Amino acid sequence: MIHRTLEYIISPLLGSNKAIIIMGARQVGKSTLLNQMFGSTKDVLWMNGDDTDIQALFKDISSTRLKALIGNNKYVIIDEAQRIPDIGLRLKLITDQIPGVQVIATGSSSFELASKINEPLTGRKREFKMFPLTFAEMAKSTNLLDELRMIPHRMVYGYYPEVVCAPGNEKPILKELADSYLYKDILTLDSINKPDKLSRLVKALALQIGSQVSYNEIGNMIGLDSKTVERYVDILEKSYIVFRLGSFSRNIRNELKASRKIYFWDLGIRNAAIGNMAQIESRTDVGELWENYAIAERMKLNAYRGSFAQSWFWRTQQQKEIDYIEEEDGRLKAFEFKWNERKANVKCPEAFSTAYPGSEFKVITPQNIEEFIQTD
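Asker: I'm lost on the overall build of the chain in this one. Help?
Answerer: When you go through the chain residue by residue, the secondary structure sums to 17 helices and eleven strands. Against the 2.2 N^0.38 benchmark of 21 Å for 376 residues, the chain shows a C-alpha radius of gyration of 22 Å, consistent with a compact globule. Oriented by its inertia axes, the alpha-carbon framework of the chain measures out at about 65 × 45 × 45 Å. Counting every position in the chain, which comprises 376 residues, the buried fraction comes to 52%. A separation threshold of at least 6 residues defines the contact pool for the chain, and within that pool the share at least 24 residues apart is 72%. Of note, the chain has its 50 positive side-chain charges centred 2 Å away from the centre of its 48 negative side-chain charges.

What follows is the structure, given as structure tokens:
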């Protein structure tokens, strides 16, 4: 059994008067997590927002009916809660009107669920993000040495739980994930009226990991205007498929100030999008994969440990660049990522160290990656 980090974060909150909201892409393990935590608990009412009868049940339901429905259960678990109309008001009704009952709701679309719960549940909820499996979770499940050896495999097939737990069947599982599950919620949105363009956008972004992204250039490639590209990217980000890094700029006049890079939360999904499952040894994009892998794992780590760290990349008009910048508690750290140890002898750009004295600089390779992506 692979224990998820969120289990240890959420468990102390059980029995409180706060609703617990868990958001993350489909198939990252939200339901499995709750089954591990509550599978042997009898006083739990389970519901799935994908079921049409559950959606109908919650329509205009009263607190009296809810009390009768919940009965003596102490917990109400609602999977895919974003599918239920006015779910925020329904969760508020339970939290406010039925003492001793705690709601745990999951959602795969932050743009839908967050908009429905934020105002009704203000001050009444704790919200968490869940990602595909992490290096740290796998290292605890097996051991550190084994997971370090598996990194090249993870850079091809990623960390989705079903993929990790089915060695030898990664390709068909990833195809099913990419074709059937990944866009399930996105394509129900009225604002997505060109699904073929969305797929082409995902492929274009997959081919540009580690590079600065121009919405205008991508729009010209796939036949969309830049505003639509930006809106689609925002939706992909809120669906936990990609995330953006902006450019860091404070002191130097020629620093890039309005640029961005886009990475994938899971490299298996990225590689499936471009149809390239070749092994690391034969790939020309290994440097970009390594950069994406390290940054995504760092971002997962920061999210789970409740860090206030802010993240960027840095580049000047003279092409001086640092892959990843992080600031936390007033400390500025800079990181370069090199898959090839022989190329790891690089120094911090003088323009950066001069402009930001006291900042730290480190090169991250497969030989020291565990320092960067796990807490202990």
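Asker: What is the right way to read the pairing of strand S1 (residues 19–23) from this model?
Answerer: Here is the key point about a regular strand: its side chains alternate between the two faces of the sheet. The buried fraction of S1 amounts to five of the five residues, a majority that puts the element mostly inside the structure. Here S1 shows a buried face lined by Ala19, Ile21 and Met23 and a second buried face lined by Ile20 and Ile22. Across five bridges, S1 lies against strand S5 (residues 125–129) in parallel orientation. Note on S5: the bridge partner recorded for isoleucine 20 is arginine 126. Relative to strand S4 (residues 102–107), S1 is paired through four bridges, and the arrangement is parallel. When the bridges of S4 are listed, isoleucine 20 appears paired with isoleucine 104.

Asker: I'm lost on the environment of lysine 347 in this one. Help?
Answerer: Topologically, lysine 347 is positioned in the loop between strand S10 (331–337) and helix H16 (350–355). The spacing of lysine 347 and glutamate 336 is eleven residues in sequence and 9.2 Å in space, taken between C-alpha atoms.

Asker: What should I look at first to understand the packing of aromatic side chains in this one?
Answerer: Remark: the centre distance and the inter-plane angle together describe each pair of aromatic rings, the angle taken between the planes. Tallied over the full model, the rule gives 18 aromatic pairs. Where tryptophan 314 meets phenylalanine 352, the ring centres are 5.2 Å apart and the plane angle is 75 degrees; that geometry is what we call edge-to-face. Taken together, the residues span a long stretch of sequence, with tryptophan 314 in strand S8 (residues 310–315) and phenylalanine 352 in helix H16 at a distance of 38 residues. Exposure class is identical for tryptophan 314 and phenylalanine 352. Each is buried. Note on tyrosine 324 and phenylalanine 372: the rings are 6.0 Å apart at their centroids and 90 degrees apart in plane angle, and the pair reads as edge-to-face. Remark: phenylalanine 372 occurs in helix H17 (residues 369–373) and tyrosine 324 occurs in strand S9 (residues 321–328); sequence separation between them is 48 residues. Considered together, tyrosine 324 and phenylalanine 372 belong to a single accessibility category, that of buried residues.

Asker: Quick question: what am I supposed to make of the side chain of glutamate 297 here?
Answerer: Tracing the sequence through the fold places glutamate 297 in helix H15 (residues 286–304). Those residues in contact with glutamate 297 that lie beyond four places of it in its chain are Leu133, Thr134, Phe135, Tyr159 and Ile373.

Asker: Teacher, can you tell me more about the sheet that holds S5 here?
Answerer: Strand pairing in a sheet takes place through backbone hydrogen bonds and is either antiparallel or parallel in direction. Within the open sheet, the five strands sit side by side as S2-S3-S4-S1-S5. Their pairing is parallel. A single partner strand is all that each edge strand has here, and the edge strands are strand S2 (44–48) and S5. Along the sheet, successive strands turn relative to each other by an average axial angle of 15 degrees, direction set aside. Its contacts with the sheet place helix H5 (residues 87–97) against S1, strand S3 (75–79) and S4, and it is angled at close to 160 degrees to S4.

Asker: What is the right way to look at the sheet that holds S8 in this model?
Answerer: The mixed open sheet is built from six strands, whose spatial order is S7-S6-S8-S9-S10-S11. The sheet is open, and its two edges are formed by strand S7 (260–264) and strand S11 (360–364), each paired on a single side. Pairs of neighbouring strands in the sheet enclose a mean axial angle of 35 degrees, with direction left out of account. Sheet analysis places S8 next to S9, joined by five bridges and oriented antiparallel. Bridge pairing in S9 links tryptophan 314 to isoleucine 322. The strands touched by helix H13 (residues 226–238) are strand S6 (242–247) and S7; relative to S6, the strand with the most contacts, the crossing angle is about 120 degrees. In this fold H15 packs onto S6, S7, S8, S9, S10 and S11, with an angle of close to 5 degrees to the strand it touches most, S9.

Asker: Sorry, what's going on with helix H14 (residues 267–274) here?
Answerer: A turn of α-helix holds 3.6 residues, and therefore any two residues three or four places apart point the same way. With six of eight residues buried, H14 is to be regarded as a mostly interior element. Regarding H14, the residues found buried are Leu267, Gly268, Ile269, Arg270, Asn271 and Ile274. Just past H14, the residue glycine 275 takes up positive phi, approximately 65 degrees.

Calculation notes
- Residues numbered from 1 in each chain as written.
- Predicted model: local features only at pLDDT ≥ 70, side-chain atom pairs only at ≥ 80, totals over all residues.
- Heavy atoms only, no water.
- Helix = DSSP H or I, 4+ residues; strand = E, 2+ residues; numbered from the N terminus.
- Rg over C-alpha atoms; globule rule 2.2 N^0.38 Å.
- Buried < 20%, exposed > 50% of the residue type's maximum accessible area, 1.4 Å probe, protein only.
- Contact = heavy atoms within 4.5 Å.
- Lys, Arg positive; Asp, Glu negative; His and termini not counted.
- Charge placed at Lys NZ, Arg CZ, Asp CG, Glu CD.
- Pairing = 2+ DSSP bridges.
- Phe/Tyr/Trp six-rings, centres within 6.5 Å; stacked < 30°, edge-to-face > 60°.
- Axes fitted to C-alpha atoms, helices over the stretch in contact; angles between N-to-C directions.

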